[in-house]
Amino acid sequence: IQTNGNSEIEASFPAIAGRILLADDRRDVWRVGKYFLEKCGADVTVVENGRQAVDAVSDAADCDDPFSLILMDMQMPVMTGHEAVKELRSKGFNLPIIALTADAMEGEREACIEMGCNEYFPKPIDGPRLMNSVAELIKEYNNP
């Protein structure tokens, strides 16, 4: 996740009220992502593969404390983000999912949207842009 070091941009981060699931196997990515999300006010849970993501979403729903949004890396061990999104959507989970991927190849964004993701961000992530997108999707999802 990148920032330009400009404190004015950091001051303009949106308020994010909600539970975010951050699924990424790279600790550097999830540590920085978690930092920015929490700075915006989000409650963040981190998992390191797609299987853990599917299980965390199911457990949260079973406990009546669902996530507001998922940030899902597409290339993870055990179960990829693609497989996790497909399983979640097939189980009827309709919460917003933002795909994160280092694979910025032609057609990847369209493939992620087609599989059920609401948005797509190539890595390295633009921190302020991602935080604004998270805030917008949560607002849109909670106020249809």
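Parameters at a glance
Residues numbered from 1 in each chain as written. Predicted model: local features only at pLDDT ≥ 70, side-chain atom pairs only at ≥ 80, totals over all residues. Heavy atoms only, no water. Helix = DSSP H or I, 4+ residues; strand = E, 2+ residues; numbered from the N terminus. Buried < 20%, exposed > 50% of the residue type's maximum accessible area, 1.4 Å probe, protein only. Contact = heavy atoms within 4.5 Å. Areas by Shrake-Rupley, 256 points an atom, 1.4 Å probe, with all protein chains shown as cover. Expected span 1.5 Å × (residues − 1). Arc of directions from axis to C-beta.

Colleague: Would you mind showing me how to read the overall build of the protein here?
Modeller: A tally of helices and strands in the protein yields six helices and five strands. Listing each helix as α and each strand as β along the protein from the N terminus yields α-β-α-β-α-β-α-β-α-β-α. Every one of the 144 residues in the protein was classed for burial, and the buried ones make up 46%. For the protein, contacts bridging at least 24 residues in sequence account for 67% of all contacts bridging at least 6. Of the roughly 7,400 Å² that the protein leaves accessible, carbon and sulfur atoms contribute 47%.

Colleague: How should I be thinking about helix α2 (residues 27-39) in this particular structure?
Modeller: Structural remark: α-helix, 3.6 residues per turn; residues separated by three or four positions point the same way. A rise of 1.5 Å per residue sets the reference length of α2, with its 13 residues, at 18 Å; its end C-alpha atoms lie 18 Å apart and thus fit the reference within 8%. Listing the buried residues of α2 in full gives Val29, Trp30, Gly33, Phe36 and Leu37. The arc that holds the buried residues of α2, viewed along the axis, is 135 degrees, so those residues lie on one side. If you follow the buried residues of α2, they end up packed against β1 (19-23), β2 (43-47), β3 (69-73) and α6 (127-142). The positive-phi residue at the C-terminal boundary of α2 is Gly41, with phi of around 105 degrees.

Read these as layout, nothing more, since geometry by itself doesn't imply function.
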